[in-house]
Structure formats: structure tokens, C-alpha cells
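# Results of the structural survey
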Amino acid sequence: MRVLIDASCPYCRALGRALKALDLRGTLRVEPLQEAQGLDREALLKELHVLEGKRVHQGYRALLALARRLPLLWPLYPLLLLGLAFGLGPKLYQALAARRPRA
């Protein structure tokens, strides 16, 4: 699983470090989106992208994919699903993503 983060955003870099720390099995590759090829750069800058095989998870669904993959995040997975079911999770994600520092 590849996690594409904005290397120029301090929040994104902190997320990348946190994910690496939570990845006890070493299954994640956290990479700068600036080096990604074959994906829309504007979309990459707008939302978190997680690549799982041929599947591309974006935004809130990327968080769901990470919570499914990382055992230490499994307790959060049901809460994230509730956030998706009620529509609040994606709205909150978008609000936070829109306010992150950008280069």
C-alpha cells in the first residue's frame, strides 16, 4: 500500500511519520505526491491518496483504507464507518484538507 503525501505540507509530513510509526508490519510506503506519476496532480494536492494495488482511495476513503490495513487503527474503523454513513466524516475531512498549509 502506497500513501501519497504532500512533501511541502507540515501536516502531511506529520501524518506520514505517524503512519510509519503505526505500521508495525512495515506494509506501507509513504511517498511524496510530487514524485507520483500517472495521477492527476491537482487531485493529489486536494486529497490524501492511498494506492492499494490497482485501487485508488481518495480523501476520507483513504483514511478508511488505512484504518483497515493498520491493526493499531482497527478500533477507529467502526467510528470512521459511522462518519461515512452519516456523511459527517467526509465533510470534516474536506474542511480540514482545505485549511492545510500549501506551498
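Residues numbered from 1 in each chain as written. Predicted model: local features only at pLDDT ≥ 70, side-chain atom pairs only at ≥ 80, totals over all residues. Heavy atoms only, no water.

As annotated in an unreviewed UniProt entry, the protein carries the name DUF393 domain-containing protein and comes from Thermus tengchongensis.

### As for the nonpolar core
Burial of nonpolar side chains together is a common tendency in soluble globular proteins. In this structure, Val3, Leu28, Leu48, Val50 and Leu66 are the most contacted members of the largest nonpolar core, which totals 21 residues. Sorting the residues of this core by element identifies β1 (2-5), α1 (10-22), α3 (60-69) and α5 (88-98) as the ones contributing at least two each. It is α3 that contributes the most residues to this core, six residues altogether. For Val3, the residues in contact, after removing those within four places along its chain, are Leu19, Leu28, Arg29, Val30, Glu31, Leu48, His49, Val50 and Leu66. Counting residues in hydrophobic clusters, the runner-up holds five residues, among them Leu4, Ala36, Leu44 and Leu51. (Core = buried A, V, L, I, M, F, W, Y, C linked by side-chain atoms within 4.5 Å. Buried < 20%, exposed > 50% of the residue type's maximum accessible area, 1.4 Å probe, protein only. Helix = DSSP H or I, 4+ residues; strand = E, 2+ residues; numbered from the N terminus. Contact = heavy atoms within 4.5 Å.)

### Some thoughts on α3
For an α-helix, 3.6 residues make a turn, and residues three or four places apart therefore share a direction. Of the residues making up α3, those classed as buried are Tyr60, Ala62, Leu64, Ala65, Leu66 and Ala67. Of the surrounding secondary structure, the elements contacted by the buried residues of α3 are β1, α1, β3 (49-52), β4 (55-58), α4 (77-86) and α5.

### Description of the environment of Arg17
Tracing the backbone through its elements, the reader meets Arg17 in helix α1. Under the relative-accessibility criterion, Arg17 is labelled exposed at 54%. Each C-alpha atom of the pair Arg17 and Val30 lies 8.5 Å from the other, and the pair is 13 residues apart in sequence.

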